[in-house]
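Chains, contacts and geometry: an overview
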Amino acid sequence: NAGVTQTPKFQVLKTGQSMTLQCAQDMNHEYMSWYRQDPGMGLRLIHYSVGAGITDQGEVPNGYNVSRSTTEDFPLRLLSAAPSQTSVYFCASSYGRGWPQHFGDGTRLSIL
Amino acid sequence: GQQLNQSPQSMFIQEGEDVSMNCTSSSIFNTWLWYKQEPGEGPVLLIALYKAGELTSNGRLTAQFGITRKDSFLNISASIPSDVGIYFCAGPGSNFGNEKLTFGTGTRLTIIP
């Protein structure tokens, strides 16, 4: 029973590089979402998905892309990394159109 | 956008003491959620509140949905070392579906031995 699995746990990028943060859940949850957490701030929603093939923007979507080709996976892509994207990224899931019930342990991303 | 303000920002208490924290919004919320985050981990959902005035408990934790629908409260009784962490309130607000949560800035709880 893995729950929500995020990879990698840590990553350092140079400005302008691209990368994909992986998120997978094994609970057959319809709803998945990506948040970023910056020091002294609460989590802010980047993108979310209510099912395979359906995605929508959250509060801070600029600079990020998502897709949902399967129920299990919801990758987050940084197109051209910028220092302002240095943060801890959390993926979450829940059954149905509800609030996130299960979070991954996060990906700590530093952009130089 | 919507803002959630949590108070206090941090607390330093002794083991066995009771803890009270609150969360206020600039707009009405239809649902209030409380999460706890421990170092190096993602948040864990503690309590969900669905209507004004509701009082819900989860072990030593008790949360209340304010009657104005613009605030919520979390109490922890007889604190123990494993209560250490950051407590976040969150909610979807009245103009958003459940998919778009707004999180508060958190209350960091430290327990002094």
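Everything here concerns the structure above.
Being a predicted model, the structure only gives us computed values, none of them experimental. (Residues numbered from 1 in each chain as written. Chains lettered and ligands numbered in written order. Predicted model: local features only at pLDDT ≥ 70, side-chain atom pairs only at ≥ 80, totals over all residues. Heavy atoms only, no water.)

Our focus in this paragraph is the environment of B:Gly16. Residue and element names in this part refer to chain B. Looking at where Gly16 falls in the secondary structure, it is placed in the loop between strand 2 (10–14) and strand 3 (19–25). Since its relative accessible area comes to 45%, Gly16 is described here as partly exposed. For Gly16 and Ile80, which are 64 residues apart along the polypeptide, the C-alpha to C-alpha distance reads 6.3 Å. (Helix = DSSP H or I, 4+ residues; strand = E, 2+ residues; numbered from the N terminus. Buried < 20%, exposed > 50% of the residue type's maximum accessible area, 1.4 Å probe, protein only.)

Our focus in this paragraph is the interface of chain B and chain A. Every contact between the two is made by 19 residues of chain B and, on the other side, 21 residues of chain A. Of the roughly 1700 Å² buried between chain B and chain A, counting both surfaces, carbon and sulfur atoms make up 60%. The interface formed by chain B and chain A holds zero salt bridges in total. Scanning the region where chain B abuts chain A turns up two residue pairs in polar contact (both at pLDDT 80 or more). Elements with a contribution of two residues or more to the side of chain B that touches chain A: strand 4 (32–37) and strand 5 (44–49) of chain B. Among the elements that take part in the side of chain B that touches chain A, strand 4 of chain B stands out by supplying three residues, more than any other. Residues belonging to the side of chain B that touches chain A are distributed by class as follows: nine nonpolar, seven polar and three charged. (Contact = heavy atoms within 4.5 Å. Buried area = accessible area lost by both parts, 1.4 Å probe. Salt bridge = Lys/Arg side-chain N within 4 Å of Asp/Glu carboxyl O. Polar contact = N/O pair within 3.5 Å; in protein donor to acceptor, adjacent residues only side chain to side chain. Nonpolar A, V, L, I, M, F, W, Y, C, P; charged D, E, K, R; others polar.)

Going through the model one piece at a time under the given rule, you end up with two disulfides over all chains. Two residues share a disulfide in this structure: A:Cys23 and A:Cys91, whose sulfurs sit 1.8 Å from each other. With the S-S dihedral at roughly -75°, the linkage between A:Cys23 and A:Cys91 falls on the left-handed side. With A:Cys23 in strand 3 (residues 19–25) and A:Cys91 in strand 9 (residues 87–94), this pair connects stretches of sequence that are 68 residues apart. In this pair, the class of A:Cys23 matches that of A:Cys91, namely buried. Here B:Cys23 is linked by a disulfide to B:Cys89, with a sulfur-sulfur distance of 1.9 Å. Taking the sign of the S-S torsion, 55° for the link of B:Cys23 and B:Cys89, the bridge is right-handed. Highlighted residues: B:Cys23 in strand 3 and B:Cys89 in strand 9 (residues 85–91), separated in sequence by 66 residues. B:Cys89 carries the same exposure label as B:Cys23, and that label is buried. (Disulfide = S-S within 2.5 Å.)

We now examine unusual backbone geometry. A cis amide bond, omega -5°, links A:Thr7 with the succeeding residue A:Pro8. Of note, A:Pro8 is situated in the loop between strand 1 (4–7) and strand 2 (10–13). In this model, B:Ser7 is joined to B:Pro8 through a cis peptide bond whose omega is -5°. The residue B:Pro8 is located in the loop between strand 1 (4–7) and strand 2 in this model. We note that B:Arg69 has phi near 65°; this positive angle belongs to a residue other than glycine. Along the polypeptide, B:Arg69 turns up in the loop between strand 7 (61–65) and strand 8 (71–76).

All right, on to the side chain of B:Ser72 then. All names here are of chain B. Take Ser72: it is sitting in strand 8. Within polar-contact distance, the side chain of Ser72 engages the side chain of Trp34 at 2.9 Å. There is a polar contact of 2.8 Å between the side chain of Ser72 and the backbone oxygen of Gln64. Filtering out sequence-adjacent residues up to four positions away, Ser72 remains in contact with Met21, Asn22, Cys23, Trp32, Trp34, Leu49, Gln64 and Gly66.

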